[in-house]
Amino acid sequence: MTITANNPLPKLFSQNLESTNRSTDGLLLTLASELVYIQDGTGRYLTFDWQYSELLDLITERIVDALNENEIFTPVDKVAYLEGLQRILTTLVPERVQCWFKCSQYLLELELTITPIMPQLGEAATTVLVMGRLLPSPVHGKEVNQAAKTPSQLELFLHSRKVPQLLVQYQKLLNQITRNIWWTLDIDVIWQQTVDSLGQTLKLERCIFFPYQPGDSKVRVIAEYHQPAFKPILGSEIEISSEPAFAQALATLEPMVIEMPIQTNSQQHRFLLFATNYQDQANGLVGLSLSSEEILITETEIELIKELADQLGTAIAHATLYKELEYARQNAEEASRLKSEFLANVSHEIHTPLNGMIGFLKLILEGIADDPEEQMEFVDEALKLSLHLLNLLNDILDIAKIEAGKMELDCSPVKLQELFSDVENFTRPQAEMRNLSFQMQMPVTSDEIIVQGNYQRLLQVMLNLVGNAIKFTHEGGITISADWVIKKGKGKSSKPQNPGMVKVKVADTGIGVSLDKQDKLFQLFSQVDGSRTRHYGGTGLGLTISQKLVEAMGGEVHFYSLGEGLGSTVTFTVPLYQQPVLCSPSECEIESQ
């Protein structure tokens, strides 16, 4: 219904407002409505009349109160109702709503048509006319016809609407919790606000909340409200299998009264327990303390508790999803930052050898080198720098292949002694130039130790690990050793697919890594210390590439360090191709000599 300038209703309302202070008796007949009242924007009743006032023990003079402090006839969700009034006064558009009202000891659902009373031209609307009716409700399986209702029927109908005060509190509580939920998506805040609201509104001795995920074997109190006289039980855990009621509440989503022990004493306490849920899947448990032995939970209360559980469960699910999305966003931002830092370092690492190569070649071309020996020295330096640049580019290409899932390895038998010899030839001179001790220890066997892998990639891994050990060690030395773990076959005639693993260990006495930074070592594009990497050189990709290569060959990589300045140990495993034959004690002595 839209009010226009030709509509006589505003004039009629203003005449009635001038002729009566507290009642709308004239309007009841004129508008053919069972309930009519006029309010201002604050919800204060200016006039009020209802044909059922006598049955409801409503006194108009008490309702039409300048302060309206007694709230004899008031909407359950008063905040939403007043927001609606302000909206109607602002837009001047009537609205039809269904709204629950608290009326003495009754909880009534009304259908209301709220119309702004048009002001004088140029003035703002300040009052509304509300016309309404009591919505019908089933009584003993039949619908009560409002138009033909007799007093006895109406009394029966109102009796069906008579509810304990606790239900009114539940309705207010549900509205309050719902509003709080949408003001925050912080899951921890939602949990604590919920138990505080329940405990304070229902005047409970204690209210507790347990979060739950499918498959959990126990639940823990993560949020708690309690009266000052009671000791907290925050953090207490309960095994679901030891409390059948917990398992039943989680499975059926039905509220139930249980006896539950409190850890602060051996006394049993009665709790109303219900599961919060989202899409029929439990995601938490709420326990409300029951101080009276004779508390009965009605069907209406159970329905309200279910509604509360559903609202709270939905909020928990949404807040959890928001938290996961926020965590994913932070990870994405961190990954972007690490890539930017990585690109900056790689750019620096590439420019350094490239500039050196250009410089040495330019000196030769410009004739700065006077004799052939000096020219060969410049060429040799340029070659070393070009090989270093090639290694950097190979690392970048390897990472690109790994990220694209296109890293393919052809594995074949590899002699461990041959691999160790090549590693020693490449790295021992580097260690000796830095005055570091260099030791390589092979297991003593009667035959050769053969592993199943890709020779070039295993050599790349070992050169990377030993190269890092030399680079980050200033004094002491590096030790490279190998050992194996043999798997036993399941039968005498059956040969196991994987006879065992060889574990290669590279230990150094270098600068080490603090315990809180070791988890970054194998993260792609992550460096323990950007400034340290700049100081020592390198892209920071070596360990990540080594890990991916070893895993592709069926092994694992692990890093150990007791802290900064305490050295480091890196181990990796690779499958054996065949079981080595252990030598006899006499052979071992000969080998050791």
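Read on for an overview of the structure. The structure displayed is predicted, hence computed values, not measured ones.

## Quick word on the packing of helix H11 (residues 416–433) against helix H12 (residues 455–471)
It is at 10 Å that the axes of H11 and H12 come closest, and there the two elements cross at 30°. Between H11 and H12, the crossing angle belongs to the class labelled roughly parallel. As for how H11 packs across H12, the hand of that crossing is right-handed. Facing H11, whose interface residues are Glu418, Leu419, Phe420, Asp422, Val423, Phe426, Thr427, Gln430 and Ala431, H12 presents Tyr455, Leu458, Leu459, Met462, Leu463, Val466 and Ile470. The residue makeup of the contact of H11 with H12, split by class, is 12 nonpolar, two polar and two charged.

## Notes on the sheet that holds strand E4 (residues 95–103)
Spatially, the six strands line up as an open sheet ordered E2-E1-E6-E5-E4-E3, and their pairing is antiparallel. Each edge of the open sheet carries a strand with a single partner, namely strand E2 (45–50) and strand E3 (73–75). Recorded for the sheet is a direction-independent mean angle of 35° between the axes of neighbouring strands. Note: E3 against E4, three bridges, orientation antiparallel. Considered in E4, the bridge of Phe73 is made with Cys103.

## Considerations on the sheet that holds strand E20 (residues 500–508)
If you walk across this open sheet you meet the five strands as E17-E19-E20-E22-E21, and the pairing is mixed. Only two strands of the sheet have a single neighbouring strand rather than two, namely strand E17 (437–441) and strand E21 (557–560). Across the sheet, the mean angle separating the axes of adjacent strands is 15° when strand polarity is ignored. Strand direction decides the pairing type here: strand E19 (residues 477–486) and E20, joined by nine bridges, are antiparallel. Within E20, the position partnered with Ile478 by the bridge is Asp508. In the packing of H11 onto the sheet, contacts are made with E17, E19 and E20, and the angle to E17 comes to roughly 175°.

## Some remarks on the environment of Ala247
Within the secondary structure, Ala247 is located in helix H8 (residues 244–252). In this structure Ala247 comes out as partly exposed when scored by relative accessible area, which is 34%. For the pair Ala247 and Ser217, spaced 30 residues apart in sequence, the C-alpha to C-alpha distance is 9.8 Å.

## Some details on the packing of aromatic side chains
Under the definition given, this model contains 12 aromatic pairs. An angle of 55° between the planes, with centres 6.3 Å apart, marks the rings of Tyr45 and Phe73 as tilted. You can see Tyr45 sitting in strand E2 and its partner Phe73 sitting in strand E3, a full 28 residues away along the chain. According to the relative accessible area criterion, Phe73 is buried, its value standing at 1%. Put simply, the rings of Tyr37, Tyr45, Phe48, Trp50, Phe73, Tyr81 and Phe101 pair up and form one aromatic cluster.

## A look at a nonpolar patch on the surface
Together, Leu383, Leu387 and Leu390 line one region of the surface with nonpolar side chains, adding up to about 270 Å² of accessible area. Using a relative accessible area of 46% as the deciding quantity, one classes Leu387 as partly exposed.

## Here we look at the nonpolar core
Within the largest apolar cluster, 44 residues are counted, with the highest numbers of intra-cluster contacts made by Leu458, Met462, Ile480, Val502 and Phe572. Sort the elements by how many residues they give to this core and H12 lands first, with nine residues. With residues up to four places along the chain from it excluded, the contact list for Met462 reads Leu419, Phe420, Val423, Gly467, Ile480, Val504 and Phe572. Ile72, Ile88, Phe101 and Val130 belong to the second-largest nonpolar core, a separate cluster that totals 28 residues.

## A short note on the packing of H12 against helix H14 (residues 542–552)
Contact geometry of H12 with H14 gives a least axis separation of 10 Å together with a crossing angle of 145°. In terms of crossing hand, the pair formed by H12 and H14 is left-handed. Between H12 and H14, the contacting residues are Arg457, Gln460, Val461, Asn464 and Leu465 on the first element and Gly542, Leu543, Ile545, Ser546, Leu549 and Val550 on the second. Across the contact of H12 with H14, the residue classes tally to six nonpolar, four polar and one charged.

## Some thoughts on the side chain of Asp508
Locating Asp508 in the fold gives a position in strand E20. A polar contact of 2.8 Å, which involves the side chain of Asp508, links it to the backbone nitrogen of Gly510. Those residues in contact with Asp508 that sit more than four places away from it in its chain are Ala469, Thr473, Gly477, Ile478, Gly567 and Ser568.

## Some points on H12
The end-to-end C-alpha separation of H12 is 24 Å, in line with the 24 Å expected for 17 residues at 1.5 Å each. Every buried residue belonging to H12 is among Tyr455, Arg457, Leu458, Leu459, Val461, Met462, Asn464, Leu465, Val466, Ala469 and Ile470, and all of these are buried. A side-chain oxygen of the first residue of H12 lies 3.2 Å from the backbone nitrogen of Gln456; this N-cap is Asn454.

## What about a negative patch on the surface?
Together, Asp370, Asp371, Glu373 and Glu377 make up a region of like negative charge exposed at the surface. Inspection of the secondary structure assignment puts Asp371 in the loop between helix H9 (299–365) and helix H10 (372–404).

## Details of the environment of Asp410
With respect to the helices, strands and loops of the structure, Asp410 is situated in the loop between H10 and strand E16 (412–415). Distance from Asp410 to Tyr455, taken between C-alpha atoms, is 9.2 Å for residues 45 residues apart in sequence. Not counting residues up to four positions away in its chain, the partners in contact with Asp410 are Gly453 and Asn454.

## Considerations on unusual backbone geometry
Residues apart from glycine generally show negative phi values, whereas peptide bonds are mostly found in trans. A positive phi angle, close to 60°, is found at Leu92, a residue other than glycine. Along the polypeptide, Leu92 turns up in the loop between helix H4 (78–91) and E4. The partly exposed category is assigned to Leu92, whose relative accessible area is 32%. Unlike most non-glycine residues, Asn435 shows phi in positive territory, near 60°. Turning to its location among the elements, Asn435 is positioned in the loop between H11 and E17. Judged by relative accessible area, Asn435 falls into the exposed class, the value being 70%.

## Concerning the pairing of strand E22 (residues 568–575)
Burial analysis of E22 places seven of its eight residues in the buried class, the great majority of the element. Across eight bridges, the pairing between E20 and E22 is antiparallel. The residue bridging Met501 from the neighbouring strand is Pro575, located in E22.

## A short note on the pattern of salt bridges
Taken as a whole, this structure holds 12 salt bridges when the rule is applied. With a shortest N-O distance of 2.3 Å, Glu326 and Arg329 are connected by a salt bridge. Placement of the pair is Glu326 and Arg329 together in helix H9, with a separation of three residues, close to one helical turn. With a shortest N-O distance of 3.8 Å, Arg428 and Glu432 are connected by a salt bridge. Here the residue Arg428 and the residue Glu432 both occupy positions in helix H11, the gap between them amounting to four residues, near one helical turn. Judged by relative accessible area, which is 47%, Glu432 ranks as partly exposed. Within this structure, Glu326, Arg329 and Glu333 form a network of salt bridges that share partners.

Rules and cut-offs
- Residues numbered from 1 in each chain as written.
- Predicted model: local features only at pLDDT ≥ 70, side-chain atom pairs only at ≥ 80, totals over all residues.
- Heavy atoms only, no water.
- Axes fitted to C-alpha atoms, helices over the stretch in contact; angles between N-to-C directions.
- Helix = DSSP H or I, 4+ residues; strand = E, 2+ residues; numbered from the N terminus.
- Parallel < 35°, antiparallel > 145°, perpendicular 65-115°, else oblique.
- Left-handed = near helix turned anticlockwise from the far one by under 90°.
- Contact = heavy atoms within 4.5 Å.
- Nonpolar A, V, L, I, M, F, W, Y, C, P; charged D, E, K, R; others polar.
- Pairing = 2+ DSSP bridges.
- Buried < 20%, exposed > 50% of the residue type's maximum accessible area, 1.4 Å probe, protein only.
- Phe/Tyr/Trp six-rings, centres within 6.5 Å; stacked < 30°, edge-to-face > 60°.
- Patch = residues over 30% accessible without salt bridge, like charges linked within 9 Å, V, L, I, M, F, W, Y side chains within 5 Å.
- Areas by Shrake-Rupley, 256 points an atom, 1.4 Å probe, with all protein chains shown as cover.
- Salt bridge = Lys/Arg side-chain N within 4 Å of Asp/Glu carboxyl O.
- Core = buried A, V, L, I, M, F, W, Y, C linked by side-chain atoms within 4.5 Å.
- Polar contact = N/O pair within 3.5 Å; in protein donor to acceptor, adjacent residues only side chain to side chain.
- Expected span 1.5 Å × (residues − 1).
- Lys, Arg positive; Asp, Glu negative; His and termini not counted.
- Charge placed at Lys NZ, Arg CZ, Asp CG, Glu CD.

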